[in-house]
Amino acid sequence: MTTPKPPLTLYLAAPRGFCAGVDRAIKIVEMALEKWGAPVYVRHEIVHNKFVVDGLREKGAVFVEELEECPDDRPVIFSAHGVPKSVPDAASAREMVFVDATCPLVSKVHIEAQRHAEAGLQMIMIGHKGHPETIGTMGQLPEGEVLLVETVADVADVAVRDPDRLAFVTQTTLSVDDTKDIVAALQARFPAIIGPHKEDICYATTNRQEAVKAVAPKSDALLVVGAPNSSNSRRLVEVGAKAGCKYAQLVQRAENIDWRALEGIRSVAITAGASAPELLVNEVIDAFGDRYDVTVEMVETAVEKVEFKVPRVLRQSA
């Protein structure tokens, strides 16, 4: 006689998974392959998800870290995270065909930084050192014009040119709550600092964090489907833990689930970072279905209708 499966409630957070910027970036690579044929080169992972990158690689995309690795005669695409100004400049100098897949919400931060610099302000960027988006935004302006702070403690040590001529921008994928504390510290130390008209943290990051706050307190565990190098996915784990979920874990695929850590649980919340496809979420749900008698409950805190157009060059016939 088969033992009955233990009951389990799965709370599915919504919104989750792909955001409009990621959707657009993947579409850009696919349309470039259709238009120009393979290979098409992509500088840096187009989005931070191995499953997505491997899928595009199979279709003929070649992923490289630097522009120097690309031949002059094939198209190159810049990732959704944005690139320093020097990259398109170098591509133009080599007369390469290039398509910029930078998320429009990241481009908005780049334009903001540029505008503040033209007004003679030095910039402070709240972001993660070494993340491609931070490198891209800081690279919009000359060396020393953008200073990076990662924590409240960094604010006390930052050495500025003129405390009265400052502005700040933020990486788009940060924790909303942590960023608030850093902004408060900046405003306390530099009362004249100018902030963005509208918050830099993007709608998708904010919405996914809000959804996690709704499901985390009523769940024994939270699984975030996403890549270890995905900033927004890692923030979702932190937000879940802060919101009261005792076990919050990042998993790339269903095969990475630590079942021993989940022994005895009765409810699990599931979400996905902005670059994780829904297919991987379904894989995780199926894996629970194999082991438990699952009831799935959707917890929706916002409805997203944002869409971004792909660049004109891809909408024109070759």
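Residues numbered from 1 in each chain as written. Predicted model: local features only at pLDDT ≥ 70, side-chain atom pairs only at ≥ 80, totals over all residues. Heavy atoms only, no water.

If you had to explain the packing of aromatic side chains to someone new, which residues and values would you point to?
Summed over the entire model, instances satisfying the criterion amount to three aromatic pairs. Cluster of aromatic residues (ring-pair linked, three or more members): Trp259, Phe288 and Tyr292. Over the ring of Tyr11 we find Lys218, and its NZ or CZ is 4.9 Å from the ring centre. Cation over ring: Arg291 sits above Trp259, and NZ or CZ is 3.9 Å from the ring centre. (Phe/Tyr/Trp six-rings, centres within 6.5 Å; stacked < 30°, edge-to-face > 60°. Lys NZ or Arg CZ within 6 Å of the ring centre and 35° of its normal.)

Describe the sheet that holds strand S6 (residues 122-126), naming the residues involved and giving the relevant values.
One open sheet holds the three strands; their spatial order is S7-S6-S8, and the pairing between them is parallel. Since the sheet does not close on itself, it has two edges, and those belong to strand S7 (146-149) and strand S8 (166-170), each with one partner. Averaged over all pairs of adjacent strands, the angle between strand axes in this sheet comes to 30 degrees, irrespective of strand direction. As paired strands, S6 and S8 are joined by five bridges and run parallel to one another. Across the sheet, the residue bridging to Ile126 is Thr170, located in S8. Relative to S8, helix H4 (residues 104-118) is tilted by about 170 degrees, and along the sheet it contacts S6 and S8. Contacts from helix H7 (residues 176-189) reach S6, S7 and S8, with the element oriented near 150 degrees to S6. (Pairing = 2+ DSSP bridges. Helix = DSSP H or I, 4+ residues; strand = E, 2+ residues; numbered from the N terminus. Axes fitted to C-alpha atoms, helices over the stretch in contact; angles between N-to-C directions. Contact = heavy atoms within 4.5 Å.)

Can you explain the sheet that holds strand S3 (residues 61-64)? Please cite residues and give values.
Reading across the sheet, the four strands line up as S3-S2-S4-S5 and stay open at both edges, with parallel pairing between neighbours. A single partner strand is all that each edge strand has here, and the edge strands are S3 and strand S5 (98-100). Across this sheet, the average inter-strand angle for adjacent strands is 25 degrees, counted without regard to direction. Summarising the sheet, strand S2 (residues 40-43) and S3 pair through four bridges and their orientation is parallel. The residue of S3 that forms the bridge with Tyr41 is Val62. Contacts between helix H1 (residues 20-36) and the sheet are confined to S2, S3, strand S4 (76-78) and S5, with S5 contributing the most and set at about 160 degrees to the helix.

Which residues make up unusual backbone geometry, and what are the values?
In this chain, Ala14 is followed by Pro15 through a cis amide linkage whose omega measures 0 degrees. Of note, the bond from Ala38 into Pro39 is cis; its omega dihedral lies within 30 degrees of zero at -5 degrees. Phi angles above zero are rare outside glycine, and His44 is one such case at about 75 degrees. Inspection of the secondary structure assignment puts His44 in the loop between S2 and helix H2 (50-59).

Before we move on, could you go through the packing of H1 against H2 and cite the residues and values that matter?
Where H1 meets H2, the axes come as close as 10 Å, and the angle between the chain directions of the two elements is 5 degrees. One way to sum up the angle between H1 and H2 is to call them roughly parallel. Of H2, the residues touching H1 (which contributes Ile26, Val29, Glu30 and Leu33) are Val52, Leu56 and Lys59. Here the contact of H1 with H2 is composed, by residue class, of five nonpolar, no polar and two charged. (Parallel < 35°, antiparallel > 145°, perpendicular 65-115°, else oblique. Nonpolar A, V, L, I, M, F, W, Y, C, P; charged D, E, K, R; others polar.)

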